[in-house]
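A closer look at the structure
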There are 2 protein chains.
Amino acid sequence: MAISEMSDKECREALTRAHIGRLGCALDNQPYVVPISIVYEEDYIYSFSTAGQKVEWMRENPKVCVQTDEISGQSKWLSVVAFGQYQELREPLFEIERAHARKLLDRQHHWWLNALAERQLKVGDALVPPLFFRIRIESLTGLVSAESE
Amino acid sequence: MAISEMSDKECREALTRAHIGRLGCALDNQPYVVPISIVYEEDYIYSFSTAGQKVEWMRENPKVCVQTDEISGQSKWLSVVAFGQYQELREPLFEIERAHARKLLDRQHHWWLNALAERQLKVGDALVPPLFFRIRIESLTGLVSAESE
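One structure accompanies this document, and this report is about it. (Residues numbered from 1 in each chain as written. Chains lettered and ligands numbered in written order. Predicted model: local features only at pLDDT ≥ 70, side-chain atom pairs only at ≥ 80, totals over all residues. Heavy atoms only, no water.)

**Things to note about the environment of Glu41(B)**
Residues and elements named next belong to chain B. Condition: Note on conventions: DSSP H or I runs of at least 4 residues are helices, E runs of at least 2 residues are strands, and numbering of each starts at the N terminus. When checking whether two residues touch, look at their non-hydrogen atoms; a contact exists if any pair is within 4.5 Å.
Tracing the backbone shows Glu 41 in strand E4 (residues 39-41). As a C-alpha pair, Glu 41 and Thr 16 span 25 residues in sequence and 7.3 Å in three-dimensional space. Contacts of Glu 41, omitting those with residues within four sequence positions, involve Tyr 46, His 100 and Leu 104.

Dropping the structure here:
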C-alpha cells in the first residue's frame, strides 16, 4: 500500500460528498476539535452552531481548519484538510449569505434538531436562532491510500 | 431530542471503544486536524506516526487534543474531546513506554502499513522506524444525544 497526495479537484470532490467534518479551532495555541455538519460550495464550507466554546474561540481567532475523511479500513481511506478563515454570517451585513447557508444546510435531514438541542444545553434558551457561519478556504490538502483509488 | 454532558466514566468508555481519533494540534494559533489510530489506556492515548507536519507542530507546541465520536445519525451521536500534552516516546528515556505503546497498537490489524506508507510519501525512506507518542490526558469532556443513551 502507498499513499498519494490528492489533487485540488479530488479534494473538492471529497468535500462535496462530505456531510460531517471535524472543525479545528485554537485559542492561546490550545487546539479544540468538534464534529460539525457541513456543506461545501465553491470556496466555502458552510455550517451552523449555537453559542458555545467553539464560536467564542473562532471569534477570537478566525484561523481554523475543517478535516473530513472516508475511512473504510486501515488501508483504505482518504483525508482532506481545508485551512481557512471563520466568517460569521450575521445580519444585516451577511443577510444574503446567511439565507444561502440556511438553504444549503436545510437540505440535510433534521439539521436544526442538533443546533436547537445544543443551544438548550448551553444557554437554557431555545428562542434564539442558530448561528450560521462559513469557512473561506485558503488552502486544501488531501491524502489517499492507494487501495481507495 | 436533547443533548447531555457525559460523565468522566462515559468518556473513558467511549475512548476505550475508539480505534480512530482526530488529533488537533496548533502552531501560531493555526489549528491542524488529522485522523490517527489510537489506543486508550488509563490516563493516556497512544498512537504512532512518522516524520511530518503534525509531529513538527507537536514538538513545537505540545498542547493538543484528541476527538473521537460515534455518529449513527444527526440525532444519534456522541463526541468526546481529550485535552492533553504530547509526549514523544523516544529511546532511551521512554524505552519501556515505547515498547508498551507498540504492543498496544500492534493489536490493531495492519497498523504499521499506514505508518510506513506515510513515511515513504513524506521522507522517501522506509528504513526509519515509526515514531510512537502518547497524549497525557489533562481533561475530558463529552456530549451525547439523548437517543444514544
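There is more to say, and it comes next.
**Examining the nonpolar core**
What counts is decided by this rule: We define a nonpolar core as any set of buried Ala, Val, Leu, Ile, Met, Phe, Trp, Tyr and Cys residues linked to one another through side-chain atoms lying within 4.5 Å. Partly exposed residues are those whose accessible area sits between 20% and 50% of the maximum for their type, while under 20% is buried and over 50% is exposed, using a 1.4 Å probe and protein chains only.
Counting 64 residues, the largest nonpolar core has Leu23(A), Ile45(A), Leu23(B) and Ile45(B) as the members making the most contacts within it. Excluding its chain neighbours within four sequence positions, the residues that come into contact with Leu23(A) are Tyr32(A), Val33(A), Val34(A), Ile36(A), Lys54(A), Met58(A), Val64(A), Cys65(A), Val66(A), Phe133(A) and Ile135(A). In this structure, Val39(A), Tyr46(A), Leu104(A) and Leu105(A) belong to the second largest nonpolar core, which totals nine residues.

**Comments concerning helix H3 (residues 95-106) of chain A**
Residues and elements named next belong to chain A. Our working definition: A helix is expected to reach a length of 1.5 Å times the quantity of its residues less one. Relevant arc is that of directions from the helix axis to the C-beta atoms, nothing else.
The first and last C-alpha atoms of H3 sit 16 Å apart over 12 residues, in line with the 16 Å expected at 1.5 Å per residue. Residues of H3 that are buried include every one of Arg 98, Ala 101, Leu 104 and Leu 105, and no others. Along the long axis of H3, the arc covered by the buried residues comes to 130°, so they all point the same way. Turned more than 90 degrees from where H3 packs its buried face, Ile 96 and Lys 103 sit exposed.

**Observations concerning the pattern of salt bridges**
Definition in use: Salt bridge criterion: a side-chain nitrogen from Lys or Arg within 4 Å of a carboxyl oxygen from Asp or Glu.
The tally for this structure, following the rule as stated, stands at 18 salt bridges over all chains. The closest approach of N and O atoms between Arg98(A) and Glu91(A), which form a salt bridge, is 4.0 Å. A salt bridge links Asp43(B) to Arg12(B); the shortest N-O distance between them is 3.3 Å. Of this pair, Asp43(B) sits in the loop between E4 and strand E5 (44-49) while Arg12(B) is found in helix H1 (residues 8-17), placing the two residues 31 residues apart along the sequence. Using a relative accessible area of 40% as the deciding quantity, one classes Asp43(B) as partly exposed.

**Concerning the packing of aromatic side chains**
Rules: Between 30 and 60 degrees the pair is tilted, below 30 it is stacked and above 60 it is edge-to-face, where a pair is any two Phe, Tyr or Trp rings, Trp via its six-membered ring, whose centres lie within 6.5 Å.
Under the criterion given, the structure shown has nine aromatic pairs over all chains. Their ring planes at 15° and their centres at 5.8 Å tell us that Phe83(A) and Tyr32(B) sit as a pair that is stacked. In this pair, Phe83(A) is assigned in strand E7 (residues 76-88) and Tyr32(B) in strand E3 (residues 30-37), connecting two distinct chains. Take Phe83(A) and Tyr32(B): they sit in the same class, and that class is buried. For the ring pair Tyr86(A) and Phe133(A), a centre distance of 5.3 Å and an interplane angle of 55° mean the geometry is tilted. With Tyr86(A) in strand E7 and Phe133(A) in strand E8 (residues 131-145), this pair connects stretches of sequence that are 47 residues apart. Taking the relative accessible area as the measure of exposure, Phe133(A) reaches 0% and is therefore buried. By way of ring pairs, the aromatic residues Tyr32(A), Trp57(A) and Phe83(B) are connected into one cluster.

**Considering the environment of Tyr86(B)**
Residues and elements named next belong to chain B. Rule in force here: For this analysis, a polar contact is any N or O atom pair within 3.5 Å, provided that within protein one partner can donate a hydrogen and the other can accept it, and provided that sequence-adjacent residues contribute only side-chain to side-chain pairs.
Look at Tyr 86 and you get buried, because its relative accessible area is 8%. Apart from the residues lying within four places of it in its own chain, the contact partners of Tyr 86 are Val 55, Met 58, Arg 59, Pro 62, Val 64, Leu 131, Phe 133, Arg 134 and Ile 135. At 2.7 Å, the side chain of Tyr 86 and the side chain of Glu 88 are in polar contact.

**Concerning helix H1 (residues 8-17) of chain A**
All names here are of chain A. Those residues of H1 that fall on the buried side of the exposure criterion are Cys 11, Ala 14 and Leu 15. Taken down its axis, H1 places every buried residue within 100° of arc, on the same side. Of the residues in H1, the exposed ones pointing more than 90 degrees away from the buried face are Lys 9 and Thr 16. The inward-facing, buried residues of H1 contact strand E4 (39-41), strand E5 (44-49), strand E6 (63-73), E7 and E8.

**Remarks on the pairing of E5(A)**
Residues and elements named next belong to chain A. Our working rule: Criterion used throughout: strands pair if DSSP finds at least two bridges between them.
Along E5, six of the six residues are buried, which leaves the element largely enclosed by surrounding structure. Residues of E5 alternate between two faces, with Tyr 44, Tyr 46 and Phe 48 on one and Ile 45, Ser 47 and Ser 49 on the opposite face, all of them buried. Relative to E5, E4 runs antiparallel, the two sharing three bridges. Considered in E5, the bridge of Val 39 is made with Tyr 46. Remark: two residues form the turn of the hairpin made by E4 and E5, two consecutive strands paired antiparallel; Glu 42 in that turn has positive phi of roughly 50°. Pairing analysis gives six bridges linking E5 to E8, with the strands arranged antiparallel. Of the residues in E8, the one forming a bridge with Ser 47 is Phe 133.

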